[in-house]
Amino acid sequence: AFATGRNPEHAAVAATEGILNLLDDRELAGVIAHELAHVKHRDILISSIVATIAGAISMLAGMLRWGLIFGMGRRDNDSAADAIAALAMAIIAPLVAVIIQMAISRTREYAADAEGARISHDPLGLASALAKISGAVERVPMAPTPGHQASAHLFIASPFRGRDVLALLSTHPPVEERIRRLEAMARGG
């Protein structure tokens, strides 16, 4: 399931046939409530802005790298230390931008879990759905094709068996932690 749209007046929530077949009504209500929380909090707009800023930083860093390669700003008074510092910034800035983007995305997921639990009045419904989705992925992983690997970071649970480097770049926090937080909400904690 996913939500799209810049604000509640221009948004839509969709669910795949697979999730409709996998989840019971209680679990599906939790998932839809989670997606509605994304709409309510304008998370799609926020994510789009953050992704645009991260992309701009990466683009500027790329321009800086190419400028350094082709001798941008070469003058007699330029020092090697300046070139090394610029090269370090050109490499580090895009990495920092991606890390910030992932941190914001993961924070928004936790907030959508909490708000979705409030909307549905059933944190355990969403927790059960997360466990079921994660378990289904473990039982029937996707074949790791280039197309699937390119979009794997968008999945609630990694569509491939085991943990890999792509899990570090996932927009979703670990399912186990999300379930733990939802169970704590259900206990009143």
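It should be emphasised that the depicted structure is a prediction, and the values quoted were computed from it without experimental measurement. (Residues numbered from 1 in each chain as written. Predicted model: local features only at pLDDT ≥ 70, side-chain atom pairs only at ≥ 80, totals over all residues. Heavy atoms only, no water.)

Peer 1: Is there a simple way to think about the nonpolar core in this case?
Peer 2: Counting residues in each nonpolar core, the largest one holds 13 residues, and the members touching the most others are I19, L23, V31, L126, L130, I179 and L182. Broken down by secondary-structure element, the contributors of at least two residues to this core are α2 (25–40), α5 (123–139) and α8 (175–186). When residues of this core are assigned to their parent elements, the largest contribution, five residues, is made by α5. (Core = buried A, V, L, I, M, F, W, Y, C linked by side-chain atoms within 4.5 Å. Buried < 20%, exposed > 50% of the residue type's maximum accessible area, 1.4 Å probe, protein only. Helix = DSSP H or I, 4+ residues; strand = E, 2+ residues; numbered from the N terminus.)

Peer 1: Teacher, can you tell me more about a nonpolar patch on the surface here?
Peer 2: A cluster of nonpolar side chains, namely L87, I91, I92, L95, V96 and I100, defines an oily patch on the protein surface of about 520 Å² accessible area. Along the chain, I91 falls in helix α4 (residues 80–120). The class for I91 is partly exposed, based on a relative accessible area of 45%. (Patch = residues over 30% accessible without salt bridge, like charges linked within 9 Å, V, L, I, M, F, W, Y side chains within 5 Å. Areas by Shrake-Rupley, 256 points an atom, 1.4 Å probe, with all protein chains shown as cover. Salt bridge = Lys/Arg side-chain N within 4 Å of Asp/Glu carboxyl O.)

Peer 1: How do you make sense of the packing of α2 against α4 when you look at a structure like this?
Peer 2: When two helices pack together, their arrangement is given by the angle between their axes and by how far apart the axes lie. Relative orientation of the contacting elements α2 and α4 amounts to 120°, with a least axis distance of 7 Å. Here α4 runs oblique to α2, going by the angle between their axes. Pair α2 / α4 crosses with right-handed handedness. Residue-level inspection shows A29, G30, A33, H34, L36, A37, H38 and K40 of α2 in contact with α4, the latter providing R108, E109, A112, D113, E115, G116, I119 and S120. (Axes fitted to C-alpha atoms, helices over the stretch in contact; angles between N-to-C directions. Parallel < 35°, antiparallel > 145°, perpendicular 65-115°, else oblique. Left-handed = near helix turned anticlockwise from the far one by under 90°. Contact = heavy atoms within 4.5 Å.)

Peer 1: Can you walk me through the pattern of salt bridges in this structure?
Peer 2: Oppositely charged side chains may form a pair once their charged atoms are brought near each other. Within the structure shown, the criterion is met by nine salt bridges. In this structure, K40 engages E115 in a salt bridge whose closest nitrogen and oxygen atoms are separated by 2.7 Å. Here K40 is found in helix α2, whereas its partner E115 is found in helix α4, with 75 residues between them in sequence. Judged by relative accessible area, which is 10%, E115 ranks as buried. D113 is paired through a salt bridge with R178; the nearest N and O atoms lie 2.7 Å apart. Here D113, found in helix α4, pairs with R178, found in helix α8; they are 65 residues apart in sequence, far enough to count as distant. Each of K40, E115 and R118 takes part in one network of salt bridges that share partners.

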